[in-house]
Amino acid sequence: MVLTRMGDGAFVEMTESEVRKEVEAGVEEAVKKAKCPPLTEDDIKRLIEIICEPRKFVSVERGNELVLTYDSQPLKFTRLGLPIAMPQILQTYERGLMADTLEMAYVHYSAKPVKMIFPEEQYVVAETLLTTTPALLYGVMPNMPMYTKPDGPCENASELLPKGLIKEAQEAQLEAADLLERDLLLLGEAMYEAGADGLDLDTTAAGGDAEFYACLRAIEKLKERYPNMSIEVGMAGEFVLGFHGSLEYKGERLAGMYPHDQCRMIAKAGGNIAGPAINTNTRKSFPWNLARAVTMCKYAAEVSPIPVHANVGMGVGGVPMQITPPIDCVSRASTAMAEIGKMDGL
Amino acid sequence: MAIVHSQASGMGGVRTAGDLVARMQLAKSMRLNDAKKYVADKLGVGLLDLTDEVVMREVREELDISTVYMGYGAASRGIEAKANIAKLLDIEINCVEKFKNKTGMKF
């Protein structure tokens, strides 16, 4: 019997043929939803081997390693209750945790509140850059809903839409998107002037297509102003929610885009790395979720003109939805994304 | 989670050549295999050497581009190492350019 898990992290036992059925169903679901090609039979066999490996920890074969980028390294230590200053946290990632890249971030991790503390954030970026070696990005979540009532000045589309006020909801989203775009430009300028290598926009489009639109426009403008700025864009989910529904960027409708199209749009705007996020279904098994995530990500990497770093963490990339993600699943997802998904990084 | 990924599939950061390959992805949007080849060629090592901490520590010390060892006789670190990395990889690193502008130094 194979000991694996459900999408909520609970252990479940399966036979190898049951694992195969779950994997095939996951691939089929990805093909149906994202309209992408299925994994090959060789890919499926390799994925089953990775999942059924009896050891707790699985890793790639030598030579198949990839690059790791991160979301909010300081926040991870803050969550552990470790009272360490941000520059020292990044030094720890560099020298103790084998990080390929560094990411400075404010604990709230949203673009809007960082605006109030630019000088303090610029200080920690500039200070850290003197003592660390890997590329350092400044990370934020665009988090467009923070610009809507009750947290911001714009009308709240999620209150207008149920009342049938479609036009008003669309206008409110465009107003919020404009404010977000302006803040991202201010943020990019501030951190680049402090010396950062660039920006990481994490959980992009959590607020829907208007948020994605604002981010793409901000990337385009930042790259015009700073051509050497590095920009990574991590997505919030596998599917861009169409809260607005009609927004287009460079002639393509954003609502409903799956990872392969998301990556193309990020590249069109001038982004350097795209990060698809495939959501975990907690009621389905780990083999089902991982097969589904790898299928979507593999196609995204095939069509993307820029490097693709899949999000593989709590509740995304096949990993169970747990604040303490099980190591057996994370190591298998990490290995499968590298060797089957052919990711450029995670 | 960071530890699991670094052990399962990561390149190894400054301990090996992970930071250098990452720089080429971020600076030039190079795909993984292209970035690995570019860095290996610039370092004069084979592709498999890029994730070998024994080979890479010697290479990094020789090229003076930082290792995780920070004690007596250590290679250049931080901004010093990044100035050398910019020349080695033939890229501009933002903070190195800022450092040059602020100090008036040219290198």
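Residues numbered from 1 in each chain as written. Chains lettered and ligands numbered in written order. Predicted model: local features only at pLDDT ≥ 70, side-chain atom pairs only at ≥ 80, totals over all residues. Heavy atoms only, no water.

Examining a nonpolar patch on the surface
Right, so step 1: The grouping of L80, L82 and I84 of chain A at the surface amounts to a nonpolar patch, some 270 Å² of accessible area in total.
Right, so step 2: On the basis of relative accessibility, which here comes to 37%, the residue L82 of chain A falls in the partly exposed class. (Patch = residues over 30% accessible without salt bridge, like charges linked within 9 Å, V, L, I, M, F, W, Y side chains within 5 Å. Areas by Shrake-Rupley, 256 points an atom, 1.4 Å probe, with all protein chains shown as cover. Salt bridge = Lys/Arg side-chain N within 4 Å of Asp/Glu carboxyl O. Buried < 20%, exposed > 50% of the residue type's maximum accessible area, 1.4 Å probe, protein only.)

Regarding the interface of chain B and chain A
Right, so step 1: Facing the 47 residues of chain B at the interface are 58 residues of chain A.
Right, so step 2: Counting the surface lost from both chain B and chain A, the interface buries some 4100 Å², and carbon and sulfur atoms represent 59% of this.
Right, so step 3: D344 of chain A is the partner of R31 of chain B in a salt bridge, and the nearest nitrogen-oxygen pair spans 2.9 Å.
Right, so step 4: The interface formed by chain B and chain A includes 33 residue pairs in polar contact (both at pLDDT 80 or more).
Right, so step 5: Taken together, the elements giving at least two residues each to the side of chain B that touches chain A come down to α1 (2-8), α2 (18-28), α3 (32-43), α5 (78-89) and α6 (94-103) of chain B.
Right, so step 6: Among the elements that take part in the side of chain B that touches chain A, α2 of chain B stands out by supplying eight residues, more than any other.
Right, so step 7: Among the residues making up the side of chain B that touches chain A, the classes are represented as 22 nonpolar, 14 polar and 11 charged. (Contact = heavy atoms within 4.5 Å. Buried area = accessible area lost by both parts, 1.4 Å probe. Polar contact = N/O pair within 3.5 Å; in protein donor to acceptor, adjacent residues only side chain to side chain. Helix = DSSP H or I, 4+ residues; strand = E, 2+ residues; numbered from the N terminus. Nonpolar A, V, L, I, M, F, W, Y, C, P; charged D, E, K, R; others polar.)

What to know about the layout of surface pockets
Right, so step 1: Taken as a whole, the largest pocket holds about 1200 Å³ of empty space.
Right, so step 2: Together, 44 residues line the largest pocket, and D71, K76, G313 and M314 of chain A together with M1 of chain B are the ones closest to its centre.
Right, so step 3: Looking at the lining of the largest pocket, the elements with two or more residues in it are α3 (73-79), β5 (198-204), β6 (230-235) and α12 (327-339) of chain A together with α1 of chain B.
Right, so step 4: Broken down by element, the residue count for the lining of the largest pocket peaks at five residues, all from α3 of chain A.
Right, so step 5: Grouping the amino acids of the lining of the largest pocket by side-chain chemistry returns 26 nonpolar, 12 polar and six charged.
Right, so step 6: Of the volumes computed, that of the second largest pocket is approximately 300 Å³.
Right, so step 7: If you trace the second largest pocket, you find 15 residues lining it, with A338, K342 and M343 of chain A together with L32 and N33 of chain B closest to the centre. (1 Å grid on protein atoms, 1.4 Å probe; cavity = no way out; pocket = protein on both sides within 12 Å on 5 of 7 lines; lining within 4 Å. Points joined across faces, edges and corners; volume = space filled by probe spheres on them.)

Quick word on the side chain of D43 of chain A
Residue and element names in this part refer to chain A.
Right, so step 1: Mapped onto the fold, D43 is located in helix α2 (residues 41-52).
Right, so step 2: We classify D43 as buried; its relative accessible area is 13%.
Right, so step 3: Residues within four places of D43 in sequence aside, it is in contact with K298 and I340.

Notes on the packing of helix α10 (residues 259-269) of chain A against helix α11 (residues 286-303) of chain A
All names here are of chain A.
Right, so step 1: As a packed pair, α10 and α11 sit with axes 8 Å apart at the nearest point and diverge in direction by 35 degrees. The hand of the α10/α11 crossing is right-handed. Together, P259, H260, C263 and R264 of α10 and M296, Y299, A300 and V303 of α11 make up the contact between the two elements.
Right, so step 2: Taken together, the residues of the contact of α10 with α11 break down into six nonpolar, one polar and one charged. (Axes fitted to C-alpha atoms, helices over the stretch in contact; angles between N-to-C directions. Left-handed = near helix turned anticlockwise from the far one by under 90°.)

What to know about the pairing of β6 of chain A
All names here are of chain A.
Right, so step 1: Among the six residues that make up β6, six are buried, leaving the element largely enclosed by the rest of the structure.
Right, so step 2: Here β6 shows a buried face lined by S230, E232 and G234 and a second buried face lined by I231, V233 and M235.
Right, so step 3: In this structure, β5 lies alongside β6, joined through five bridges in parallel fashion. Paired with T204 across the two strands is M235, which belongs to β6. (Pairing = 2+ DSSP bridges.)

Re α5 of chain B
Right, so step 1: Taking 1.5 Å of rise per residue, 12 residues should cover 16 Å, and α5 of chain B covers 16 Å from first to last C-alpha, within 8% of that figure.
Right, so step 2: By the criterion of burial, α5 of chain B is predominantly enclosed, with nine of the 12 residues buried.
Right, so step 3: All buried positions along α5 of chain B are accounted for by G78, I79, A81, K82, A83, I85, A86, L88 and L89 of chain B.
Right, so step 4: Where α5 of chain B is buried, its residues meet α6 (118-131) of chain A together with α2, α3, α4 (53-63) and α6 of chain B.
Right, so step 5: Just downstream of α5 of chain B, D90 of chain B is the residue with a positive phi angle, here 60 degrees. (Expected span 1.5 Å × (residues − 1).)

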